[in-house]
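These are the residues of each chain, in order.
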Amino acid sequence: MIRSFLILALAALVIPTSGTTQTLQRIQENNQLNLGYRIDAAPMSYVLDTGEPAGYTPLICVRVAQAITNHLKLENLQVQFVPVDASDRFEKVVNGDVDIHCGASTITMERRALVDFSIPTFVDGASLLLQKDAPEQFEDLAGKMLGVRSNTTTETALLNSLNSSDVVANVVRFSEHAAGMKAMESGEIDAYFADQSILVGLYANSPMASEFKMSTDILTVEKQGLAIARGDTEFRMVVDQALSKLYASGEIQKIRGEAIPNLQPGVALQAMYMLAPILD
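Everything numeric here is computed off the predicted structure, so don't read it as measured data.

Engineer: Summarise the packing of aromatic side chains; cite the residues concerned and give the values.
Structural biologist: In this structure the tally under the stated criterion is five aromatic pairs. Relative to Phe81, the ring of Tyr37 lies with its centre 5.9 Å away and its plane at 85°, an arrangement referred to as edge-to-face. With Tyr37 in strand S1 (residues 32-38) and Phe81 in strand S5 (residues 78-84), this residue pair connects regions lying 44 residues apart in the sequence. The two residues Tyr37 and Phe81 agree in class, both being buried. Ring geometry for Tyr247 against Tyr273: centres 6.4 Å apart, planes inclined by 55°, an arrangement best described as tilted. Taken together, the positions of Tyr247 in helix H9 (residues 233-249) and Tyr273 in helix H11 (residues 267-275) put the pair 26 residues apart, joining distant regions of the chain. In terms of burial, Tyr247 and Tyr273 fall into one category: buried.

Structural data, given as structure tokens:
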């Protein structure tokens, strides 16, 4: 699906140009746009069995790529999706290995010390997957085996919640969500924590889905955005204008429905659609 979008004639997204600097200059000189994406954060960003990128954020980045091409007036811009990991995704933006990170990235002040973010593209929250008959009160997790992906904001949120609630539990860290889900299916852990959107994908695709349930509670409310080079205001303006056009047209909601069909937008996500910047 991603490839088919990239080979289509680029839509006429008219964005005024005022010269190229930093990231835009590099893209123009190399005639290449590199889009980083996570391979293990379905349905937000993942890789298909065919090796092609898929998910909500890569689909958004395809539209942003069209806007960048139009802005630079390049007829044959080469757009390449580059797989990144949770541990090196922002480093690759800083180093210029990728021009935009199109994964599932929560906007935090710590991360903004390294990179800039676009206007929000999604609002998510850390939640958990449980055994079907398990109680849902956080205090009932005391003494349990709790799984979470390492090096994520969800890991931080889980540890903070345990400390603030004086709940003592065993936290098991996984290098990828698939491994955490397998641990749930084998009974090695009692609950798995992740962004709610990611849990939707894990739950829907599990052969043991009938044995589990998703908690209705969230530990955090987290805004996600596209990560770009810090301080590059010209590039960020092009990206934000492209996203604002998606909001104004309602296209971003169609993308969400296509990428995450089982997700019912909550109040925070609905508010994000209404609060997006207005196009002049």
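Engineer: So what about the pairing of strand S10 (residues 145-149)? Which residues, and what values?
Structural biologist: Most of S10 is tucked away: four of the five residues are buried. Taken together, the five bridges between S10 and strand S11 (residues 170-174) define a ladder with parallel strand orientation. If you follow Met145 over to S11, its bridge partner there is Asn170. Crossover connection from S10 via helix H6 (residues 153-164) to parallel S11: handedness right-handed. With three bridges joining them, S10 and strand S12 (residues 191-195) adopt parallel strand pairing. Note on S12: the bridge partner recorded for Leu146 is Ala191.

Engineer: How would you sum up the pattern of salt bridges? Please name residues and give values.
Structural biologist: Going through the model one piece at a time under the given rule, you end up with eight salt bridges. A salt bridge links Arg26 to Asp99; the nearest nitrogen and oxygen atoms lie 2.6 Å apart. In this pair, Arg26 sits in helix H2 (residues 23-30) while Asp99 sits in the loop between helix H4 (89-95) and strand S6 (100-101), placing the two residues 73 residues apart along the sequence. Classification of Asp99 by relative accessible area gives buried; the value is 3%. With a closest N to O distance of 3.6 Å, Glu136 and Lys213 form a salt bridge. Pair noted here: Glu136 is in the loop between strand S9 (126-131) and S10 and Lys213 is in strand S13 (residues 212-214), with a separation of 77 residues, a long-range link. By relative accessible area, which is 31% here, Glu136 ends up partly exposed. Through salt bridges with shared partners, a single network forms among Arg38, Asp40, Asp85 and Arg149.

Engineer: Describe in detail the nonpolar core, supporting the description with residues and values.
Structural biologist: Within the largest apolar cluster, 57 residues are counted, with the highest numbers of intra-cluster contacts made by Tyr56, Val64, Ile68 and Ile100. Filtering out sequence-adjacent residues up to four positions away, Val64 remains in contact with Ile100, Leu226, Val239, Ala242 and Leu243.

Engineer: Break down the sheet that holds strand S3 (residues 45-47) for me, citing the residues and quoting the values.
Structural biologist: Read from one edge to the other, the open sheet built from three strands follows the order S2-S3-S4, with strand pairing classed as antiparallel. The open sheet terminates on both sides in strands that have one partner only, identified here as strand S2 (40-41) and strand S4 (53-54). Sheet analysis places S3 next to S4, joined by two bridges and oriented antiparallel. Of the residues in S4, the one forming a bridge with Val47 is Pro53.

Engineer: An account of helix H7 (residues 177-186) is requested, with residue identities and associated values reported.
Structural biologist: For H7, the full list of buried residues reads His177, Gly180, Met181, Ala183 and Met184. Looking down the long axis of H7, one finds its buried residues gathered within 155° of arc, a one-sided arrangement. Backbone geometry just after H7 places Gly187 at a positive phi near 85°.

Definitions and limits used
- Per chain, the residues get numbers from 1 upward, laid out in the order the sequence is written.
- With the structure being a predicted model, the display of local features is reserved for residues of pLDDT at least 70 and the display and counting of side-chain atom pairs for 80 or more, all residues being used for whole-chain, interface and lining totals.
- Water and hydrogen atoms were dropped before computing side-chain values, which therefore reflect all heavy atoms in the structure.
- For Phe, Tyr and Trp, where Trp contributes only its six-membered ring, two rings pair if their centres lie within 6.5 Å, and the inter-plane angle classes them as stacked under 30 degrees, edge-to-face over 60, or tilted in between.
- Per the convention used, a helix needs a DSSP run of H or I reaching at least four residues, while a strand needs a run of E reaching at least two, with both numbered from the N terminus.
- Per-residue accessibility, obtained with a 1.4 Å probe over protein chains only, is compared with the maximum for each type, and a residue is labelled buried under 20%, exposed over 50%, and partly exposed between these values.
- Two strands form a pair only when DSSP identifies at least two bridges running between them.
- By definition, the crossover connecting two strands over a helix is right-handed if that path, from the first strand to the second, turns clockwise as seen with the strands pointing away from the viewer.
- Between Lys or Arg on one side and Asp or Glu on the other, a salt bridge is scored when a side-chain nitrogen of the former is within 4 Å of a carboxyl oxygen of the latter.
- Take the buried Ala, Val, Leu, Ile, Met, Phe, Trp, Tyr and Cys residues and link them wherever side-chain atoms come within 4.5 Å; each set so joined is a nonpolar core.
- Residue contacts follow a heavy-atom distance rule, with two residues in contact if any of their heavy atoms lie within 4.5 Å.
- Read the arc as the range of directions from the helix axis to the C-beta atoms.

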